[in-house]
Amino acid sequence: MKQLINRTLLILAVLCLAVNSVTAATPKYKISKWKPNDGGIFESISADGKWGIINLGMTGGDTNIKCPSRIYDIDHDKDYTISFQGREMNISAVSDVDSKGMLTVVGSLMGRPASCVFDTNTNTVVTTSLKTYKLSENWQSGNLNAVTTDGKYAVGMQMGYYGKDSEDNELGSDFWFTTIYVDIEAGSVIETPGLPTKNLAGSDEFAMKFTGISPDGRYIIGEKDWFIMQPNCPLSFLYDTKEHTYKVIGFTGTPGNYKGVVDGLHHIETPIFSPNGKLISGDAYMAREQEGSEFFNEYHTPFIYNVETGEFVNFDDADSQNVIGTAIDNDGNIYGAPEGGGPLRNFKIFYKQKYWIPFSQICQQIYGFNFSQKTGFEFTGTPVGVSGN
């Protein structure tokens, strides 16, 4: 069977969903020449569409595969690792390229949250740009998960086997998580008062992380107790760094008494920003009562949350069920794939929130090529990011 994970290979630089057949020029596409030989997959793309992140993907349990974390130049089909004194940086996200050709890179180095600058003019790291950030007391390691498009701020998580809860009680020897928000220019950690202390069920499992930040740095996506399913439900929230307040995505009420804004909403998983930071999509986990059964009907749906208005729209029709939003563009088109983490997926796009269009059909009808024949991949896979243009 041919290679299945399309995100190891395919990048379309321009995606045109609607073309006027009379006046529009022929849409252009670009397919990356890069082919993996080390288990690497694309994990994200910068908002300007120029750089991507490659990390280790599914390897079938082969522990001999060594895949360095690296950044990928989409225009020139080249990838680069970043290291300092022989220590490779684990890379999670990149900013847009600034007017001087500089790219801010964030992740971790030797277990510490870290950032640096990569010079795209010379394709070398600026060695003096490395910054690592101080962990909170009693936390052992950390990682920056996301960065603003201008490279000024970044967010992530801290991890440790020892910490204290909100009442200063020692947590013991279990593994815990907490958030981190940094000012890259100043090289310092920014305090974030007013974060949630309880999950949807009103309890505290001592796990919270920041996973996304809007381009202007004002809003942060966070997840509280994301790995607890029943009965302590995960809580996904939007934090306002200016007001030091948060809103729970998809729910109203107070801890222990939250109510979904749509019937059957159990919790929200893996929320993600649009490139402009005005929309959020992700995975709405549904659990509906079934007549005559003690079991709930559980499934997944995509949603859109408007950052400015707080409006939450869930898509629960037959075509949308068990499809999750893994990316969303600035126009509100959801890029989705069937729920589940395996590579055997065919993704589709929820165009204008009305029609699900398979990506293979877009390739055929808009760009004029057969996806499988052109790329050698049997499945179109999972969309992991979309650029702002």
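What counts and how
- Residues numbered from 1 in each chain as written.
- Predicted model: local features only at pLDDT ≥ 70, side-chain atom pairs only at ≥ 80, totals over all residues.
- Heavy atoms only, no water.
- Helix = DSSP H or I, 4+ residues; strand = E, 2+ residues; numbered from the N terminus.
- Contact = heavy atoms within 4.5 Å.
- Areas by Shrake-Rupley, 256 points an atom, 1.4 Å probe, with all protein chains shown as cover.
- Core = buried A, V, L, I, M, F, W, Y, C linked by side-chain atoms within 4.5 Å.
- Buried < 20%, exposed > 50% of the residue type's maximum accessible area, 1.4 Å probe, protein only.
- pLDDT = per-residue confidence, 0-100.
- Phe/Tyr/Trp six-rings, centres within 6.5 Å; stacked < 30°, edge-to-face > 60°.
- Lys NZ or Arg CZ within 6 Å of the ring centre and 35° of its normal.
- Salt bridge = Lys/Arg side-chain N within 4 Å of Asp/Glu carboxyl O.
- Pairing = 2+ DSSP bridges.

J.: Could you give an account of the overall build of the protein chain, naming the residues involved and the relevant values?
T.: A count of helices and strands for the protein chain gives two helices and 30 strands. Intrachain contacts of the protein chain at a sequence separation of at least 6 include 48% that bridge at least 24 residues. If you sum the accessible surface of the protein chain, you get close to 18,800 Å²; carbon and sulfur atoms cover 46% of it.

J.: Now, about the nonpolar core: what can you tell me, with residues and values included?
T.: If you look at the biggest cluster of nonpolar residues, it comprises 30 residues, and the most contacted ones within it are Ile280 and Phe303. Of all elements in the fold, only strand 16 (208–213), strand 17 (219–224), strand 18 (235–240), strand 22 (265–273), strand 23 (279–289) and strand 25 (303–306) reach the threshold of two or more residues within this core. At four residues, the largest contribution of residues to this core is made by strand 18. With residues near it in sequence (within four places) discarded, Phe303 still touches Ile249, Ile268, Ile280, Ser281, Gly282, Asp283, Ala284, Phe312, Val313, Asn314, Phe315 and Ile334.

J.: Run through the confidence of the model for the protein chain, naming residues and quoting values.
T.: With 86% of its residues at a pLDDT of at least 70, the protein chain reaches an overall mean of 87. Of the regions scoring below 50 in pLDDT, residues 1–24 engages in 73 contacts with residues more than four places distant in sequence or in other chains.

J.: Any details on the environment of Ala318? Residues and values, ideally.
T.: As for its placement among the helices and strands, Ala318 is situated in the loop between strand 26 (312–314) and strand 27 (323–328). Between the C-alpha atom of Ala318 and that of Thr301, which follows or precedes it by 17 residues, the distance is 9.7 Å.

J.: So, the environment of Gly187: which residues are in play, and what are the values?
T.: In this structure, Gly187 sits in the loop between strand 14 (176–183) and strand 15 (188–189). On the basis of relative accessibility, which here comes to 32%, the residue Gly187 falls in the partly exposed class. Other than its neighbours up to four places away in sequence, Gly187 contacts Lys131 and Tyr133.

J.: I'd like to hear about the packing of aromatic side chains, residue by residue, with values.
T.: Following the criterion strictly, the structure yields 18 aromatic pairs and no others. Ring plane angle 90 degrees and centroid distance 5.5 Å describe the contact between Trp226 and Phe227, whose orientation is recorded as edge-to-face. For Phe227, a relative accessible area of 41% translates into the label partly exposed. Taken together, the ring pairs connect Tyr29, Tyr367 and Phe369 into an aromatic cluster. The ring centre of Trp226 lies 4.3 Å from the NZ or CZ of Lys209, which sits over that ring.

J.: Got a sec to walk through the pattern of salt bridges? Specific residues and values, please.
T.: All told, the structure shown has six salt bridges when counted by the stated rule. One salt bridge connects Lys224 with Asp225, and the closest N-O pair in it is separated by 3.5 Å. The burial state of Lys224 is the same as that of Asp225; both residues are buried. A salt bridge links Asp316 to Arg288; the shortest N-O distance between them is 2.9 Å. Placement of Asp316 in the loop between strand 26 and strand 27 and of Arg288 in strand 23 is noted, with a sequence separation of 28 residues between them. Judged by relative accessible area, which is 23%, Asp316 ranks as partly exposed.

J.: Describe in detail the pairing of strand 23, supporting the description with residues and values.
T.: Among the 11 residues in strand 23, nine count as buried, and that is most of the element. For strand 22 and strand 23, the ladder comprises six bridges, and the chain directions are antiparallel. Each residue of the ladder has a partner; that of Glu269, found in strand 23, is Asp283. The turn linking strand 22 back onto strand 23 is made up of five residues, and Gly277 within it adopts a positive phi angle of 75 degrees.

J.: So what's going on with the pairing of strand 30 (residues 355–358)? Which residues, and what values?
T.: Bridge analysis of strand 29 (residues 348–351) against strand 30 gives four bridges, and the strand direction is antiparallel. Note on strand 30: the bridge partner recorded for Phe350 is Trp356. Hairpin connection from strand 29 to strand 30: three residues lie between these consecutive antiparallel strands, with Lys352 at a positive phi of about 55 degrees.

J.: Explain the sheet that holds strand 14 to me, and be specific about the residues and the numbers.
T.: Across the sheet, four strands lie side by side as 12-13-14-15; this open sheet has antiparallel pairing. Edge strands, defined here as strands with exactly one partner in the open sheet, are strand 12 (141–147) and strand 15. Pairing of strand 13 (residues 153–160) with strand 14, which is carried by eight bridges, proceeds in the antiparallel orientation. Residue pairing in the sheet places Ala154 in a bridge with Val182 of strand 14.

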